[in-house]
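A closer look at the structure
Letter by letter, the chains look like this.
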Amino acid sequence: MNIILIAPPAGGKGTQSELICSKYNIKHISTGDLLRKEVENGNTELKNIMDAGMLVSDEIIFDLIRKCISSEDSKNGYLLDGFPRNIEQAKKYDEILEELNIDIGKVILLDIDPELAAKRIAGRRSCMNCGSTYNIYFDNMKPTEEGICNNCNTALTARDDDNEETYKTRYNTYLEKTQPLIDYYKEKNVLYTVDANGTVDETFNKIEDIVRGD
Ligand SMILES: [Zn+2]
């Protein structure tokens, strides 16, 4: 089973990726990891590009993806996390699949209400002392005493970039780039949309139904 997982920021993509890959024993592929591994393996040309903060070309990314999905440990299937990012990449990816005779599998879109996602982000509070995390917008995640860690009584802190405004900007950027991709996969009849507004388990159950083909 091959899966492409698409989700907005704070849509739970990381958590669900892990759950899917461990449950179905498929390979987790993110372009970030592929690039890091390639540098670790001694690709100095790529290291220089990344160290200079330059954009890695699509060609390099496609080569890494091609190598990865045709390797032995992807035989049982794989999950693409964060790729393709746009419709151009999606079309090129289709060519690679055709060339390698690999099935595209299923494209799973985690759909989340942006207001809720903004709260998940903006309500985050953490304890710098013991690492406990809270969310002031959700009753089951609030600290017992406002602004104070339940475990160690330290004052809780919020990250500067965790506010609703910045979230909305990120969400709108995501939507602008991703909507054409979503439409593209919808037309190909491989898109499955999952309501990801519930708990981690609820969302994962819905994903399992799709993977099993119910
Ligand atoms: Zn604490």
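Refer to the structure presented above.
If you're wondering where the values come from, they're calculated on a predicted model, not measured in any experiment.

A separate point is the packing of aromatic side chains. Enumeration over the complete set of coordinates arrives at five aromatic pairs. Taken together, a centroid distance of 5.7 Å and an interplanar angle of 90 degrees make the contact between Phe83 and Tyr93 edge-to-face. Of this pair, Phe83 sits in the loop between strand E3 (78-81) and helix H5 (87-100) while Tyr93 sits in helix H5, placing them ten residues apart in sequence. Each member of the pair, Phe83 as well as Tyr93, carries the same accessibility label: buried. Put simply, the rings of Phe62, Phe83 and Tyr93 touch in pairs and so form one group of aromatic residues. Its guanidinium or amino end placed over the ring of Tyr137, Lys119 lies 5.8 Å from that ring's centre, counting from NZ or CZ.

To continue, consider the environment of Lys37. Tracing the chain through its elements places Lys37 in helix H2 (residues 31-40). When its relative accessible area of 47% is taken as the criterion, Lys37 is described as partly exposed. For Lys37 and Ala117, which are 80 residues apart along the polypeptide, the C-alpha to C-alpha distance reads 31 Å.

Further remarks concern the environment of Asp63. Among the secondary structure elements, Asp63 is positioned in helix H4 (residues 58-69). Measuring from C-alpha to C-alpha, the distance between Asp63 and Ile96 comes to 9.5 Å, with 33 residues separating the pair along the chain.

As a further point, take the coordination of the zinc ion. Protein-derived coordination of the zinc ion comes from Cys127 (SG), Cys130 (SG), Cys149 (SG) and Cys152 (SG), at a distance range of 2.2 to 2.3 Å. For the zinc ion, the single-chain donor residues occur in sequence as C-x2-C-x18-C-x2-C. Note that Cys127 is positioned in the loop between strand E5 (124-126) and strand E6 (133-135) and Cys152 in the loop between E6 and helix H7 (164-187), a separation of 25 residues in sequence. Residue Cys152 is classed as partly exposed on the basis of its relative accessible area of 25%.

Bringing the pattern of salt bridges into the picture now. This structure, assessed with the given rule, holds twelve salt bridges. Between Asp209 and Arg212 there is a salt bridge; the shortest N-O distance is 2.9 Å. With Asp209 and Arg212 both in helix H8 (residues 200-212) and three residues apart, the pair spans about one turn of that helix. For Asp209, a relative accessible area of 34% puts it in the partly exposed group. The network of salt bridges with common partners includes Asp63, Arg66 and Glu99.

Reading the values: the criteria
- Every chain is numbered on its own, with residues counted from 1 as its sequence reads.
- Totals for whole chains, interfaces and linings use every residue, but because this is a predicted model, local features are given only for residues with pLDDT of at least 70 and side-chain atom pairs only at 80 or more, for both listing and counting.
- Note: side-chain values were computed over all heavy atoms of the structure, leaving out hydrogens and water.
- Only rings of Phe, Tyr and Trp enter the pairing, Trp through its six-membered ring, and a pair is recorded when the two centres are within 6.5 Å. The plane angle decides the type: under 30 degrees is stacked, over 60 is edge-to-face, the rest tilted.
- Strands here are runs of E lasting at least two residues and helices are runs of H or I lasting at least four, both read from the DSSP assignment and numbered beginning at the N terminus.
- Summary of the burial criterion: residues with accessible area below 20% of their type's maximum are buried, those above 50% are exposed, and those between are partly exposed, where the area comes from a 1.4 Å probe applied to protein chains only.
- Our definition puts a charge over a ring when NZ of Lys or CZ of Arg is within 6 Å of the ring centre and also within 35 degrees of the ring normal.
- The rule for donors is simple: an N, O or S atom within 2.8 Å of the metal counts, and for Na, K and Ca the reach is 3.2 Å. Water is not among the atoms, so a site may look short of donors.
- Salt bridge, as used here, is a side-chain nitrogen of Lys or Arg placed within 4 Å of a carboxyl oxygen of Asp or Glu.

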